[in-house]
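# Report on the structure
What follows is the residue order along each chain.
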Amino acid sequence: MIEFRVSVDIAHPAAEIWRIIADFGQDPRWRAGVTTMAPDPPGPVVPGTTTDEVISFHGRAYRTGGQVTRVVPGTEFAWRMTSGIDAEGERSVVPLAEDRCRVTLRLRVGLSGLHRLRAPLLRRALRRKYQEDLRRLSDLVTTRT
C-alpha cells in the first residue's frame, strides 16, 4: 500500500481555495494530467457526488470512477475510487489567517501483483505529482487578478 499526505500554505483566503478544491470540475485547472473530470452533480461536493475521471500518469491514461464519502463544508472532504484503481483520499483547507491557508491532500493506494514491487517508485512519483499539483493550485490563485 502507498499512503502519504502533502500540504502547502497559500497566501489566499481559505473560502476561495475551498471553492476550487471542492469542485471536481475545477480539477483540470490545477491537477496535471487530468483530461476529463465529470462530477455528478456538478459544483461543490456533497456526500455521494460521483466522478468520471480520465488522467494520464507516467505516459498511460487511466479512467476511474469515484465517490465522495464525507464532507465537512468549507473544510474537508473524503473520496474513494469505485472503479479503475483501489484508492481513497482527502482534501482539506485550514485557515491560518484571513488571507492565508494550508491545503492538504491525502492519498492511499492499494497495490496488487507486480505493482507491489514498484511501490517505492510509485510512492515517490505520486507524492511528487501531488506536490506539483499543490504548486499549480497556488500559482492559479495567486496569479489571478
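Presented here is an overview of the structure given in this document. (Residues numbered from 1 in each chain as written. Predicted model: local features only at pLDDT ≥ 70, side-chain atom pairs only at ≥ 80, totals over all residues. Heavy atoms only, no water.)

## Examining the sheet that holds strand E7 (residues 100–109)
Within a sheet, each strand pairs with its neighbour through backbone hydrogen bonds, oriented either parallel or antiparallel. Taken together, the seven strands give an open sheet; going across it, the order is E1-E7-E6-E5-E4-E3-E2, and neighbouring strands pair in antiparallel fashion. Edge positions in the open sheet fall to strand E1 (2–10) and strand E2 (34–40), since each of these has one partner strand only. The sheet shows a mean angle of 20 degrees between the axes of neighbouring strands, taken without regard to direction. Helix-sheet contacts for helix H1 (residues 14–21) involve E1, strand E4 (60–72), strand E5 (76–83), strand E6 (87–97) and E7, and the interaxial angle to E6 is about 160 degrees. (Pairing = 2+ DSSP bridges. Helix = DSSP H or I, 4+ residues; strand = E, 2+ residues; numbered from the N terminus. Axes fitted to C-alpha atoms, helices over the stretch in contact; angles between N-to-C directions. Contact = heavy atoms within 4.5 Å.)

## Re the nonpolar core
Formed by 40 residues in total, the largest nonpolar core has its most connected members in Ile-17, Phe-77, Val-103 and Leu-137. In terms of residue count, helix H3 (residues 119–143) provides more of this core than any other element does, nine residues in total. Ignoring any residue separated from it by four or fewer positions in sequence, one finds Val-103 in contact with Val-6, Ser-7, Val-8, Ile-10, Ile-17, Ile-21, Ser-92, Val-93, Leu-134 and Leu-137. (Core = buried A, V, L, I, M, F, W, Y, C linked by side-chain atoms within 4.5 Å. Buried < 20%, exposed > 50% of the residue type's maximum accessible area, 1.4 Å probe, protein only.)

## Comments concerning the layout of surface pockets
Taken as a whole, the largest pocket spans an internal volume of roughly 830 Å³. Within the residue set of the lining of the largest pocket, elements represented by two or more residues are strand E3 (50–57), E4, E5, E6, E7 and H3. For the lining of the largest pocket, the per-class residue count stands at 19 nonpolar, ten polar and ten charged. (1 Å grid on protein atoms, 1.4 Å probe; cavity = no way out; pocket = protein on both sides within 12 Å on 5 of 7 lines; lining within 4 Å. Points joined across faces, edges and corners; volume = space filled by probe spheres on them. Nonpolar A, V, L, I, M, F, W, Y, C, P; charged D, E, K, R; others polar.)

## Structural notes on H3
Helical geometry note: an α-helix holds 3.6 residues per turn, so side chains three or four residues apart project in the same direction. With 25 residues, H3 should reach 36 Å at 1.5 Å per residue; the first-to-last C-alpha distance of 36 Å fits that figure. Regarding H3, the residues found buried are Ala-119, Leu-122, Ala-125, Leu-126, Lys-129, Tyr-130, Asp-133, Leu-134, Leu-137, Ser-138, Leu-140 and Val-141. The elements touched by buried residues of H3 are E1, H1, helix H2 (27–30), E3, E5 and E7. (Expected span 1.5 Å × (residues − 1).)

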